[in-house]
Amino acid sequence: MNPYVLAILLSSLGIGTTLTFASSHWLLAWMGLEISTLAIIPLMAQQHHPRAVEATTKYFLTQATAAAMILFASTTNAWTTGEWNIQEMSNPTALVLITMALALKIGLAPVHYWLPEVLQGLDLTTGLILSTWQKLAPFALIYQISPMMNPTLVIMLGLASAIIGGWGGLNQTQLRKILAYSSIAHLGWMMIVMQYSPNLAILNLILYITMTTATFLTFKNVASTKLSTLALTWSKTPMMTTMAMMTLLSLGGLPPLTGFMPKWLILQELTKQDLPLTASIMALAALLSLFFYLRMCYAMTLTIAPNTNSNTSTWRQKSSQTTMTLSITTTLALTLLPITPAIVALAT
């Protein structure tokens, strides 16, 4: 892609998200979401592969549907209350509609069906943008309307996402689909705590973005998109493979890694809010996700690809890819647990 065109598209992505962040009016927020959607579509379709074009079409149709629902719900609210302000949503029908529209935007269960299919059709770099940056603008809106949302609906969305995100990834062999289901499960954890502690949900989002970035960049570095090709990485880049295994365990939420922190704090918050059954179901749903992370770890570090080569190590070419971002995100994904007390003090 022409670098000037790429620069325009990436800056449009940034402007769209920033516009939604800064807006207090529904029309301006909707405009920001639309700019973000239209900016990523050429990035998704740039390969001119049938799978990429199909993924782009699916993405465009779902995002257009969600945007239309947001516009309809905000107009309904303005019609009944005379208010366009995001924090003045008092019409219950409009609130339910807008919650479902934002759930469709980010891919929460039960409106998640587009996400694994779309992510599977994209290259890893665009998939990374879709899994991280594109979640920010809808989450800013969810954060603002969270005090007014229907608590039962929010809990149902969170539980469904955590369970389906864990269950759906169990039989997958494509890494991008596994990461899509991982995304759905993490979004469920963020939604379940959004009404009780919005700051905790934002902390979870930041850590999820850090860990997912590290995972995507690792797979990009080793040029791997299938579970079977992960077995080849150990002999090529043993150190990176070890770090990737730790990052995947961090995504699964195992102590003493960073990913344990948000799960621990969210379960604690749910228990404080007198929701022990919800906390128990979320903890059990996390085990489903942990299974497919362990499966990926096993493929990466405990299996060796069948080969007839008698040499002890394979031929290694020096990679031309930059690894600074990967190094920073991997370090953050593995080492932030000790600062949990400081984060708790800031979040409360």
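Source: prediction; values computed, not measured. (Residues numbered from 1 in each chain as written. Predicted model: local features only at pLDDT ≥ 70, side-chain atom pairs only at ≥ 80, totals over all residues. Heavy atoms only, no water.)

## With respect to the packing of aromatic side chains
Right, so step 1: Using the criterion set out here, one finds three aromatic pairs in the structure.
Right, so step 2: A ring pair is formed by Phe 260 and Trp 264, whose centres lie 5.6 Å apart and whose planes are at 15°; its orientation type is stacked. With Phe 260 and Trp 264 both in helix 13 (residues 260-272) and four residues apart, the pair spans about one turn of that helix. (Phe/Tyr/Trp six-rings, centres within 6.5 Å; stacked < 30°, edge-to-face > 60°. Helix = DSSP H or I, 4+ residues; strand = E, 2+ residues; numbered from the N terminus.)

## Remarks on the UniProt feature "transmembrane region" (unreviewed entry) in the chain
Right, so step 1: Those residues carrying the UniProt feature "transmembrane region" (unreviewed entry) are residues 57-74, 94-115, 152-171, 202-219, 240-261, 281-305 and 326-347 in this numbering.
Right, so step 2: Across residues 240-261, helical content stands at 68% and strand content at 0%; the span's end C-alpha atoms are separated by 23 Å. (UniProt positions renumbered as here; feature names shortened; annotations may be inferred.)

## Topic: the domain arrangement of the chain
Right, so step 1: On domain assignment, one finds that the chain holds domain 1 (1-121) and domain 2 (150-307 + 322-347).
Right, so step 2: Just the C-alpha atoms count here: the centres of domain 1 and domain 2 sit 24 Å apart.
Right, so step 3: Tallying the contact residues gives 15 residues for domain 1 and 17 residues for domain 2.
Right, so step 4: For domain 1, the biggest contributors to the area lost against domain 2 are Leu 108, Leu 119 and Gln 120; these three give 37% of the whole.
Right, so step 5: The interface formed by domain 1 and domain 2 contains one salt bridge. (Domains from an automatic or database assignment. Contact = heavy atoms within 4.5 Å. Buried area = accessible area lost by both parts, 1.4 Å probe. Salt bridge = Lys/Arg side-chain N within 4 Å of Asp/Glu carboxyl O.)

## Some details on empty space enclosed by the protein
Right, so step 1: Evaluation of the coordinates by the stated rule reveals two cavities of 30 Å³ or more.
Right, so step 2: Together, 14 residues line the largest cavity, and Tyr 59, Gln 63, Lys 105, Gln 134 and Pro 138 are the ones closest to its centre.
Right, so step 3: At the level of elements, helix 2 (26-45), helix 3 (50-81), helix 4 (92-106) and helix 7 (133-145) are the ones that each hand at least two residues to the lining of the largest cavity.
Right, so step 4: It is helix 7 that provides the largest number of residues to the lining of the largest cavity, a total of four residues.
Right, so step 5: Here the lining of the largest cavity is built from residues that sort into seven nonpolar, five polar and two charged.
Right, so step 6: Considered as a void within the structure, the second largest cavity measures approximately 50 Å³ in volume.
Right, so step 7: Around the second largest cavity sit Ala 185, His 186, Trp 189, Leu 251, Gly 252, Lys 263, Ala 286, Ser 289 and Tyr 293, which together line it.
Right, so step 8: Breaking the lining of the second largest cavity down by element, the ones donating at least two residues are helix 9 (175-194), helix 12 (238-252) and helix 14 (276-301). (1 Å grid on protein atoms, 1.4 Å probe; cavity = no way out; pocket = protein on both sides within 12 Å on 5 of 7 lines; lining within 4 Å. Points joined across faces, edges and corners; volume = space filled by probe spheres on them. Nonpolar A, V, L, I, M, F, W, Y, C, P; charged D, E, K, R; others polar.)

## Section: unusual backbone geometry
Right, so step 1: Along the chain, Ala 109 connects to Pro 110 via a cis peptide bond; the corresponding omega equals 5°.
Right, so step 2: Tracing the chain through its elements places Pro 110 in the loop between helix 4 and helix 5 (114-120).
Right, so step 3: For the peptide bond that leads from Pro 255 to Pro 256, omega is 5°, which places it in the cis range.
Right, so step 4: Phi angles above zero are rare outside glycine, and His 48 is one such case at about 60°.
Right, so step 5: Tracing the backbone shows His 48 in the loop between helix 2 and helix 3.
Right, so step 6: One non-glycine residue, Ala 223, adopts positive backbone phi at about 50°.

## Regarding the nonpolar core
Across soluble globular proteins, nonpolar side chains show a tendency to be buried alongside one another.
Right, so step 1: Among the nonpolar cores identified, the biggest contains 103 residues, and Trp 26 and Ile 145 are the most heavily contacted of them.
Right, so step 2: Broken down by element, this core gets its largest block of residues, 13 residues, from helix 9.
Right, so step 3: The residues that make up this core include at least three from each of domain 1 (1-121) and domain 2 (150-307 + 322-347).
Right, so step 4: Excluding residues within four positions of it along the chain, Trp 26 makes contact with Ile 70, Ser 74, Trp 84, Asn 85, Ile 86, Met 89, Ile 98, Leu 141 and Ile 145. (Core = buried A, V, L, I, M, F, W, Y, C linked by side-chain atoms within 4.5 Å. Buried < 20%, exposed > 50% of the residue type's maximum accessible area, 1.4 Å probe, protein only.)

## Here's the deal with the environment of Val 344
Right, so step 1: Position of Val 344 relative to the elements: it lies in helix 16 (residues 340-347).
Right, so step 2: For the pair Val 344 and Met 261, spaced 83 residues apart in sequence, the C-alpha separation works out to 10.0 Å.

## A look at the pattern of salt bridges
Right, so step 1: Overall, the coordinates contain three salt bridges when judged by the stated rule.
Right, so step 2: For the salt bridge of Glu 54 with Lys 58, the shortest nitrogen-to-oxygen distance reads 2.8 Å. One end of the pair is Glu 54 and the other is Lys 58, both in helix 3 and four residues apart, which spans about a single turn.
Right, so step 3: Taking the relative accessible area as the measure of exposure, Glu 54 reaches 37% and is therefore partly exposed.

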